[in-house]
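Each chain, letter by letter, is given below.
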Amino acid sequence: MAIADQTLHELVSLERGEVDRSIYSDPDIYEQEMKEIFGRSWLFLCHETQIPKRGDFVEAPMGRDNVLVVRQRDGSIKALLNTCAHRGNAVCRADEGNAKNFMCTYHGWTYDIAGNLVGVPGQKELYHDELDMSAHGLRGVAQLDTYKGFVFATSDPSAPPLAEFLGRTGRAGLDMIACQGDMEVIPGVQKFVIPCNWKFAVDNLFDWYHPQITHLSAMSLDMFANQAMPESKRVDIDGVATQEGAQLRLPGGPAGGDNVDELVFVDIFGHALAGPTRDTYVGVTGSDSWRDSEQAREALGPVARRAAGHTNIFPTLWINPAGGQISLRVPRGPFETEIWWYSFVPREAPPEHRALVLAMANHVFGPAGLLEQEDGENWNQSTMTTTGLASRRIPHVLKMNLGRGKVVNDVDSMDPPYIECGINEHGQLWTYAAWAQWMSGCSWDELRERTIPPAVL
Ligand code: FES
Ligand SMILES: [Fe+2]
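Numbering of residues starts from 1 in each chain and follows the order in which that chain's sequence is written. Here every chain gets a letter starting at A, and every ligand a number starting at 1, in the order they are written. Only residues with pLDDT of at least 70 get local features here, since the model is predicted, and only at 80 or more are side-chain atom pairs given and counted; chain-wide, interface and lining totals rely on the full set of residues. To get the side-chain values, take all heavy atoms of the structure and skip hydrogens and water.

Under an unreviewed UniProt entry, the name given to the chain is 3-phenylpropionate/trans-cinnamate dioxygenase alpha subunit, and the source organism is Geodermatophilus ruber. UniProt positions are given in the numbering used here, feature names are shortened, and annotations may be inferred rather than shown by experiment. The UniProt entry for the chain carries this comment under Sequence similarities (unreviewed entry): "Belongs to the bacterial ring-hydroxylating dioxygenase alpha subunit family."

Here it is as structure tokens:
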């Protein structure tokens, strides 16, 4: 049953800074998300460096569909629905690999890497050569495109071009990875499950209020202090030994204070970035010198070069430039989210830098990452309390610095619309306001218009 516009407006109030808990648990809302958000949005599939050779493939989720992203003979990339045209079985069960063709394990229909049906057992004897094999290939996605090596697809033929969809915030987020060198994905995507609603795993990336409490135990272990790390890890991004080394610094001052120490980008379609400036945050690799490179100057405006927080490309692509990582938060039901982490290094990176990125990828986020285990406990509890008969009636409160976020939006600038503010909850609130617009099922023109940031958040 579709949720009415009026109801959606009541579920998320930009004015009051309140969000109704049912958005995290209602099965009808989850169904509508699959259709209106994951059925229309451009979704990240992989990075080109994961499939360099002909026949290389990865499987990627698009809502409840799974697609095989396959490097073609001519070097192009196709995304094919991983479902056999005969009776629907998956034609590939591997997460990634190299294939000459895909043979369905049910009855043996076989497809080439372009998705053409090239083999049907019994085509002559059983189908009497009457089965039109050209009509039963694997189906492709509606649109596929890349931005600086990041491969995206959408199931909506009427979706705007990828570059427009990404907007200034989405492009800046991807540029913050792309500008760090000739980047490649370290083989192996970390995948694990957290029993929570996917939106908690998304909105937390804007939450700079929680680390001082949630991650107290991680910080008490000094896990980000250089001296806690092995000698071999004491390098910055250029491989130069440094006493500063790996560290995590958080926005200073009392949470929610008026001191300007956080930048927030809010863009059309719900993309956002929030977090400290580079003056207050160094990040886990200990250096952000790439921000001063020619490449970064060309790709990022002056404000974006100061931003050191996390970007979310709506709905589920989290970009963490300080750690050289990106993450997908993959919904698998209202109460289950798969977390996928991709780690990047410059091809030319010395072994020490590669080792540092791997060490941090294993120990910060991911299935063995201390921070994400601490976060996951919170997301799980917050999800479960949305189902209590009494507790689900209590709205979530996202009022920090509400009404104090003046949005600077110079459409002629490279910089996305942004706010300079103390720690705030604008990123979360803006994401939910955009979420409500997506959920209304309005047209792309209406969606674009309704997700232009207001003058003040
Ligand atoms: S379902 Fe694939 S061959 Fe029958
Ligand atoms: Fe956290």
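### Quick look at the side chain of Gln-428
Inspection of the secondary structure puts Gln-428 in helix 11 (residues 426-439). The contact rule is simple, with two residues in contact once any of their heavy atoms fall within 4.5 Å. Apart from residues no more than four positions distant in its own chain, Gln-428 is found in contact with Asp-203, Phe-206, Asp-207 and Leu-398. Secondary structure follows DSSP: runs of H or I at least 4 residues long count as helices, runs of E at least 2 residues long count as strands, and numbering of each begins at the N terminus.

### Examining the sheet that holds strand 8 (residues 101-103)
In this analysis, strands are considered paired if DSSP registers two or more bridges between them. Taking strand neighbours across the sheet as the criterion, the three strands line up as 8-9-10 in an open arrangement whose pairing is antiparallel. Edge positions in the sheet fall to strand 8 and strand 10 (117-119), since each of these pairs with one other strand and no more. With direction set aside, neighbouring strand axes in the sheet form an average angle of 35°. Examined bridge by bridge, strand 8 and strand 9 (residues 110-112) share three bridges and lie antiparallel to one another. Residue pairing across strands places Phe-102 opposite Tyr-111, the latter belonging to strand 9. Here an axis means a line fitted to C-alpha atoms, over the contact stretch when the element is a helix, while the angle between two N-to-C directions is reported on a 0 to 180 degree scale.

### Some points on the coordination of the iron ion (ligand 2)
Ligating atoms shown are N, O and S within 2.8 Å of the metal, or 3.2 Å for Na, K and Ca, and water is not included, meaning a site may look less than complete. His-210 (NE2), His-215 (NE2), Asp-375 (OD) and Asp-375 (OD) make up the full set of protein donors to the iron ion (ligand 2), lying at 2.1 to 2.5 Å. Working rule for geometry: tetrahedral if four donors all subtend angles between 85 and 135 degrees; square planar for four, octahedral for six, if opposite donors exceed 155 degrees and the others stay between 65 and 115; irregular in every other situation. Around the iron ion (ligand 2), the four donor atoms are arranged such that angles at the metal cover 56 to 140°; this shape is classified as irregular. Summarised as a motif, the one-chain spacing of the donors to the iron ion (ligand 2) is H-x4-H-x159-D. According to the relative accessible area criterion, His-210 is buried, its value standing at 15%. We call a residue buried when its accessible area falls under 20% of the maximum for its residue type, exposed when it is over 50%, and partly exposed in between, using a 1.4 Å probe and counting protein chains only.

### Re the pattern of salt bridges
When a carboxyl oxygen of Asp or Glu is within 4 Å of a side-chain nitrogen of Lys or Arg, the pair counts as a salt bridge. Following the criterion strictly, the structure yields 20 salt bridges and no others. We note a salt bridge from Arg-64 to Glu-31, for which the minimum N-O separation is 2.7 Å. Placement of the pair is Arg-64 in the loop between strand 4 (56-62) and strand 5 (65-71) and Glu-31 in helix 2 (residues 27-37), with a sequence separation of 33 residues. Owing to a relative accessible area of 40%, Glu-31 belongs among the partly exposed residues under this scheme. We note a salt bridge from Glu-420 to Arg-306, for which the minimum N-O separation is 3.2 Å. With a gap of 114 residues between them, Glu-420 in strand 22 (residues 418-421) and Arg-306 in helix 8 (residues 302-306) connect regions that are remote in the sequence. Since its relative accessible area comes to 27%, Arg-306 is described here as partly exposed. Each of the salt bridges in this network shares a partner with another, and the network as a whole consists of Asp-182, Glu-184, Arg-347 and Arg-354.

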